[in-house]
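Residue-level listing of the chains:
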Amino acid sequence: MESVRTIMTSVAALVAITGVAAAQTNVTATNKFSWAENVGWMNWRDAGAPVGAQGALLQGSFASGFVWMENVGWLNLGDGTPANGVSYANVNGTDFGVNIAGDGSLSGFAWGENIGWVNFTLPSLPVADRPRLDLGASRLRGFAWGENIGWINLSSSEEGKYVGVRCSADFNNDGQVDFFDYLDFAQAFAVEDPSADFNSDGQVDFFDFLDFAAAFDTCSA
C-alpha cells in the first residue's frame with residue numbers, strides 16, 4: 001500500500017511519464033442501470049461515441065454526463081462546469097445539475113427534455129432512502145423523484161442491476177487501481193492539467209494530491 005509520503009517523494013521522478021487518459025464516465029460496464037417504474041431501465045454508462053464518452057461521471061463534488069432511458073430519451077446530470085467551480089447552484093436552467101457532498105449525499109436537479117426535472121434533493125425521505133453515492137460500496141443507493149415519471153430506484157434489488165462506480169483513484173479508467181494510475185495522475189498534477197483537479201474545486205493544488213493519495217491507498221489496499 002502506497003503511503004502519502006511515498007507518493008509525494010516520488011513526484012519529481014514522474015513528471016516525464018506520459019499516458020494520462022481520463023474518459024468521461026466512471027460507471028462500471030457490469031453495473032450501470034437504475035430502475036424507474038414508469039420508464040424502465042436507465043443506462044448511466046454508455047452515452048456517447050466511443051461508448052461511455054458522455055456517460056455519467058460521479059466524482060468529486062458534482063456529477064456530469066448523460067443517462068439514457070429507452071422510452072423517454074436523455075437525462076442530463078449537469079455539464080461539468082458549475083459557475084462557482086464547486087457545485088451547481090440549481091437556481092436557474094443554466095447552472096443546474098446533481099451535486100455530491102463529502103459524505104456521498106446527492107442533491108440538485110437533472111433535466112430530461114421529455115420528462116422535465118428529476119429531483120435529488122429529498123430531505124423528507126428516511127435517511128436510508130435518500131439518494132447517495134455509497135463511497136464504501138462504490139455504488140448509488142436510494143431514490144430520486146421525477147414529477148412526471150415518479151420514483152427512480154438507484155438501488156435495484158435485481159442482481160447486477162444497480163449503478164456501480166469505479167474507485168476515483170482509477171485515474172486512467174482501466175478498471176483497476178495500480179501504479180499506472182499513480183503515474184498518470186502525477187504527470188497531470190505536475191503540469192496542472194484540469195484532470196488533476198481531483199476534488200473538483202476549480203484548481204489543481206496540494207489538496208488534490210492528498211485526496212488522490214488517500215483514495216489510492218484505500219482502493220489498492
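Just so it is clear, the structure is predicted and the values come from calculations on it, not from any experiment.

Asker: Describe the overall build of the chain, with residues and values.
Answerer: Summing up its helical and strand segments, the chain has 3 helices and 14 strands in all. Taking all contacts inside the chain whose residues are at least 6 apart in sequence as the whole, residues at least 24 apart take part in 51%.

Asker: Describe in detail the nonpolar core, supporting the description with residues and values.
Answerer: Ranked by internal contacts, the top residues of the largest apolar core, which has 28 residues, are W44, L58, L75, L77 and F120. If you list the elements that add at least two residues to this core, you get β1 (27-36), β5 (66-69), β7 (98-100), β8 (106-112) and β14 (163-165). Ranked by size, the runner-up nonpolar core spans 15 residues in total, among them F185, A186, A196 and F212.

Asker: Quick one: what's the story with the packing of aromatic side chains, residue by residue and with numbers?
Answerer: This structure, assessed with the given rule, holds 21 aromatic pairs. Plain terms: the ring middles of F66 and W74 are 6.1 Å apart, the flat faces sit at 75 degrees to each other, and that makes the pair edge-to-face. Under the relative-accessibility criterion, F66 is labelled partly exposed at 29%. Residue classification places W74 among the partly exposed positions, given a relative accessible area of 40%. Taking NZ or CZ as reference, K161 lies 4.5 Å from the ring centre of F33, over its face. Just above the ring of W41 sits the side chain of K161; from NZ or CZ to the centre is 5.1 Å.

Asker: Go over the side chain of R45, please, and point to the residues and values.
Answerer: Topologically, R45 is positioned in the loop between β2 (40-43) and β3 (57-59). Among the polar contacts made by the side chain of R45, one reaches the side chain of D46 at a distance of 3.3 Å. If sequence neighbours within four positions are ignored, R45 has contacts with T25, V27, T28, A29, K32, V51, G52 and G55.

Asker: Got a sec to walk through the pattern of salt bridges? Specific residues and values, please.
Answerer: Tallied over the entire structure, the rule returns 4 salt bridges. Between R45 and D46 there is a salt bridge, with its nearest N and O atoms 3.3 Å apart. Residue R45 is classed as buried on the basis of its relative accessible area of 19%. Residue D170 is joined to R166 by a salt bridge in which the shortest nitrogen-to-oxygen separation is 3.0 Å. Each member of the pair D170 and R166 is classed as buried.

Parameters at a glance
Residues numbered from 1 in each chain as written. Predicted model: local features only at pLDDT ≥ 70, side-chain atom pairs only at ≥ 80, totals over all residues. Heavy atoms only, no water. Helix = DSSP H or I, 4+ residues; strand = E, 2+ residues; numbered from the N terminus. Contact = heavy atoms within 4.5 Å. Core = buried A, V, L, I, M, F, W, Y, C linked by side-chain atoms within 4.5 Å. Buried < 20%, exposed > 50% of the residue type's maximum accessible area, 1.4 Å probe, protein only. Phe/Tyr/Trp six-rings, centres within 6.5 Å; stacked < 30°, edge-to-face > 60°. Lys NZ or Arg CZ within 6 Å of the ring centre and 35° of its normal. Polar contact = N/O pair within 3.5 Å; in protein donor to acceptor, adjacent residues only side chain to side chain. Salt bridge = Lys/Arg side-chain N within 4 Å of Asp/Glu carboxyl O.

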